[in-house]
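# Remarks on the overall topology
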Amino acid sequence: MRPPIRSIASWALVAALCTPPAAVVGQTARDAVLPAAPSGSGVAVLLANARIVDGTGAPAFVGELLLRDGRIAAVGEPGSIARPPGAERVDLGGLVLAPGFIDIHNHSTSGIFDRPLAPTQLAQGITTIVVGADGSSPWPIGAFLDRIDEARPALDVATMVGHGTVRGAIMGDDNRRPATDLEIADMTARVERGMLEGAFGLSSGLEYDPGFYSTTGELIALARAAAAHGGFYMSHLRDEEEGLLDAVDEAIRIGREAGLPVHISHIKAGNASVWGKAAEVLDRMEAASASGVDVTADQYPYTAWQSGLAIVVRSRRFQDRDSVAAGIAAAGGADRLQIVRYRADPTLDALRLSDIAGRWGVSPVEAYMRLMRNGGSGVIGHTMEDRDVDAFMRSRRVMTASDGGIGSPHPRGAGTFPRVLGVYARERGVLTLERAVERATSMPARRLGLVDRGVIRGGARADLVAFDPATIADRSTFEDPGLEAVGIHAVWVAGVPVWVDGRPTGARPGRAVRHGDAG
Ligand SMILES: [Zn+2]
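Heads up: these notes are all about the structure in this document. Being a predicted model, the structure only gives us computed values, none of them experimental.

Thresholds, definitions, all that
- Residues numbered from 1 in each chain as written.
- Predicted model: local features only at pLDDT ≥ 70, side-chain atom pairs only at ≥ 80, totals over all residues.
- Heavy atoms only, no water.
- Phe/Tyr/Trp six-rings, centres within 6.5 Å; stacked < 30°, edge-to-face > 60°.
- Buried < 20%, exposed > 50% of the residue type's maximum accessible area, 1.4 Å probe, protein only.
- Lys NZ or Arg CZ within 6 Å of the ring centre and 35° of its normal.
- Helix = DSSP H or I, 4+ residues; strand = E, 2+ residues; numbered from the N terminus.
- Expected span 1.5 Å × (residues − 1).
- Contact = heavy atoms within 4.5 Å.
- Polar contact = N/O pair within 3.5 Å; in protein donor to acceptor, adjacent residues only side chain to side chain.
- Donors = N, O, S within 2.8 Å, 3.2 Å for Na, K, Ca; no water.
- Tetrahedral: all angles 85-135°; square planar, octahedral: opposite > 155°, others 65-115°.
- Pairing = 2+ DSSP bridges.
- Core = buried A, V, L, I, M, F, W, Y, C linked by side-chain atoms within 4.5 Å.
- Salt bridge = Lys/Arg side-chain N within 4 Å of Asp/Glu carboxyl O.

## Comments concerning the packing of aromatic side chains
Enumeration according to the criterion identifies five aromatic pairs in this entry. Note on Phe 212 and Tyr 213: the rings are 5.0 Å apart at their centroids and 80° apart in plane angle, and the pair reads as edge-to-face. For Phe 212, a relative accessible area of 24% gives the class partly exposed. Here the aromatic cluster, defined as three or more aromatic residues joined through ring pairs, consists of Phe 101, Phe 417 and Phe 467. A cation over an aromatic ring shows up here: Arg 370 above the ring of Trp 360, its NZ or CZ 4.4 Å from the ring centre. The ring of Tyr 302 carries Arg 419 above its face, with NZ or CZ at 4.7 Å from the centroid.

What follows is the structure, encoded as structure tokens:
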């Protein structure tokens, strides 16, 4: 089956030309300024001969869709939908047509302004990103969302309000201690303001400064403010290694006492001490959900994580030999730690800590201490096992998220969604195509409370992705993390084609998504 590339491309051209003022899609249109709301042009389009995977997990079926005014106007069997006068018919040649993917943990907070066409995201089929995870968010929330509307990226952007962000704003540099009641009250007021300005919930990053120094009580108080406005609690747990189970329990307790859903970010069994514990983590999530705390998680499909180099030494005594040695040992050895973004010497980029130690002629412990003394760096830790990644992948409580974004030094930033569909569904059969789509669409939509996204049905937003399940694949690697994925043939945001035949169309229909707005 040969994908009907020319047909899609010609339709993209027509759609753009029909949108006043006229703009041309193609080589010259990359920088074209398109109108803010091209989906309101009234042009209807029939997407025919599609293998529809509707996002609910239901079996795929062959059918067709009518798009109008940025929405799905009708879904039906082949030949069942009457084509309105003037509507183009696009033959998808049997490609899978799914709801656009929603990346609930994305780090393009500033990158989206630098590269509003977001090619590494569109190449994955992503149509909505959520930033502000790990406790670190833009601030103020309202001003950020207004800037998104002004920037008009190719895809939609939502945000969380970050616990670390509000904690840092109130406590400044004096944050290595529990907050006082007065400080907690000030933070709570900021979380409330963030929620009122459109954040979807509270995020925390408890392995990072300044979230690391917070008590559970502080987090419960702030989560209550998010709960009062219908938000959820998203957490980079306090510990993903030795203390994983306790950290899961803490997140569940916060959800129970604050009265809101809990979402665990990039769930993993992070080092050798907890390998094989995925089932236990999932059991706790299941038990909590059965007892009234709705607990979900997201996951990227890799056995390596990425963070700051500080995270390796749990005691935070970065110049204490024993602590550093213990941290490196817990990671499984210096050859499992890959150094990235070391500003003091970019030539070391992507080398293992063991290699850097060899270059410098020192021990890995010495090398670590020197890196930290010179400003620290990023680190990619190759410390997870397939059996845990697979167990989380099979769970109905776990969805897909990249934990990366534009310019990410980890391949997950450009490869996550196609990798689940290519490696985990097609090649390894860890999950079905329908499940792989569900965990990229309706699951994050439900977590966010976005009722008209993440599913293909009449009335839903026409955020769509057409891909070939036989060829979809990630190409990004740890050495070349920005390589765009392949196999996604077309992406629509609010009915506007933003990605056709391997490149952005130049259309920028994206906008800020505010919690509480309809859709
Ligand atoms: Zn994180």
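There is more to say after this.
## Here's the deal with helix H8 (residues 244-258)
Here H8 contains 15 residues, and its C-alpha end-to-end distance of 21 Å stays within 8% of the 21 Å for a straight helix at 1.5 Å per residue. Of all the residues in H8, the buried ones are Leu 244, Leu 245, Ala 247, Val 248, Glu 250, Ala 251, Ile 252, Ile 254, Gly 255 and Ala 258. The inward-facing, buried residues of H8 abut helix H7 (216-228), strand E11 (232-236), strand E12 (262-264), helix H9 (278-290) and strand E13 (295-299). Gly 259 lies just past H8 and shows a positive phi near 75°.

## Brief notes about the side chain of Arg 453
Tracing the sequence through the fold places Arg 453 in the loop between helix H16 (442-448) and strand E19 (464-467). By relative accessible area, which is 3% here, Arg 453 ends up buried. Only 2.9 Å separates the side chain of Arg 453 from the side chain of Asp 156, close enough to count as a polar contact.

## Observations regarding the coordination of the zinc ion
Around the zinc ion, the donor atoms from the protein are Asp 134 (OD), Asp 134 (OD), His 236 (ND1) and His 266 (NE2), and they sit 2.0 to 2.8 Å away. Between the four donor atoms coordinating the zinc ion, the angles at the centre fall across 51 to 136°, so the site counts as irregular. Read in sequence order, the donor residues coordinating the zinc ion give the pattern D-x101-H-x29-H. In this pair, Asp 134 is assigned in the loop between strand E7 (126-131) and helix H4 (141-151) and His 236 in strand E11, connecting sequence segments 102 residues apart.

## Quick notes on the sheet that holds E12
The six strands are arranged E9-E10-E11-E12-E13-E18 in an open sheet whose pairing can be described as parallel. Of all the strands in the sheet, just strand E9 (161-162) and strand E18 (398-400) have a single pairing partner and so form its edges. Bridge count between E11 and E12: three bridges; the pairing is parallel. In the strand pairing of E12, Met 234 is matched with His 263.

## A word on the nonpolar core
Within the largest apolar cluster, 116 residues are counted, with the highest numbers of intra-cluster contacts made by Val 312 and Phe 467. For this core, the element with the most residues is H8, which contributes eight residues. Residues contacting Val 312, with those up to four places away along its chain left out, are Trp 305, Gly 327, Ile 328, Leu 337, Tyr 368 and Val 379.

## Digging into the pattern of salt bridges
Where charged atoms from two side chains of opposite charge come close, those side chains can pair. Summed over the entire model, instances satisfying the criterion amount to 33 salt bridges. A salt bridge links Asp 209 to Arg 316, with the nearest nitrogen and oxygen atoms 2.3 Å apart. Here Arg 316 lies in the loop between strand E14 (305-308) and helix H10 (321-330) and Asp 209 lies in the loop between strand E10 (201-205) and H7, a separation of 107 residues in the sequence. In this structure Asp 209 comes out as partly exposed when scored by relative accessible area, which is 36%. For Arg 447, the salt bridge is made with Asp 294, and the minimal N-O distance between the two is 2.6 Å. Of the two residues, Arg 447 sits in helix H16 while Asp 294 sits in the loop between H9 and E13, which places them 153 residues apart along the sequence. For Arg 447, a relative accessible area of 10% corresponds to the buried category. Salt bridges sharing partners connect three or more residues here, namely Asp 156, Arg 453, Arg 461 and Asp 463.

## Comments concerning the pairing of E19
Burial along E19 is two-sided: the residues Leu 464 and Ala 466 and Val 465 and Phe 467 are all buried. By the bridge criterion, four bridges tie strand E5 (residues 96-99) to E19 in an arrangement that is antiparallel. Its bridge partner being in E19, Val 96 is matched across the sheet by Phe 467. Here E19 runs beside strand E20 (residues 488-493); their pairing, made up of four bridges, is antiparallel. Looking at E20, one finds that Val 465 is bridged to Val 491.

## A look at the environment of Pro 140
Along the chain, the position of Pro 140 falls in the loop between E7 and H4. Residue Pro 140 is classed as partly exposed on the basis of its relative accessible area of 27%. A sequence separation of 95 residues divides Pro 140 from Val 45, and the C-alpha atoms of the two residues are 39 Å apart. Sequence-distant contacts of Pro 140, that is, excluding residues within four places in its chain, are made with Arg 193 and Glu 197.

## Some points on the side chain of Thr 441
Locating Thr 441 in the fold gives a position in the loop between helix H15 (433-438) and H16. Not counting residues up to four positions away in its chain, the partners in contact with Thr 441 are Gly 55, Pro 99, Gly 100, Phe 101, Ile 102 and Gly 454.

## Considering the pairing of E13
Of all five residues in E13, five are buried, a share of seventy percent or more. Of the two faces of E13, both are covered, the one formed by Val 295, Ala 297 and Gln 299 as well as the one formed by Thr 296 and Asp 298. Pairing of E12 with E13 involves three bridges; the strand directions are parallel. Following the sheet pairing, His 263 is matched in E13 by Thr 296. As judged from the three bridges shared by E13 and E18, these two strands associate in the parallel manner.

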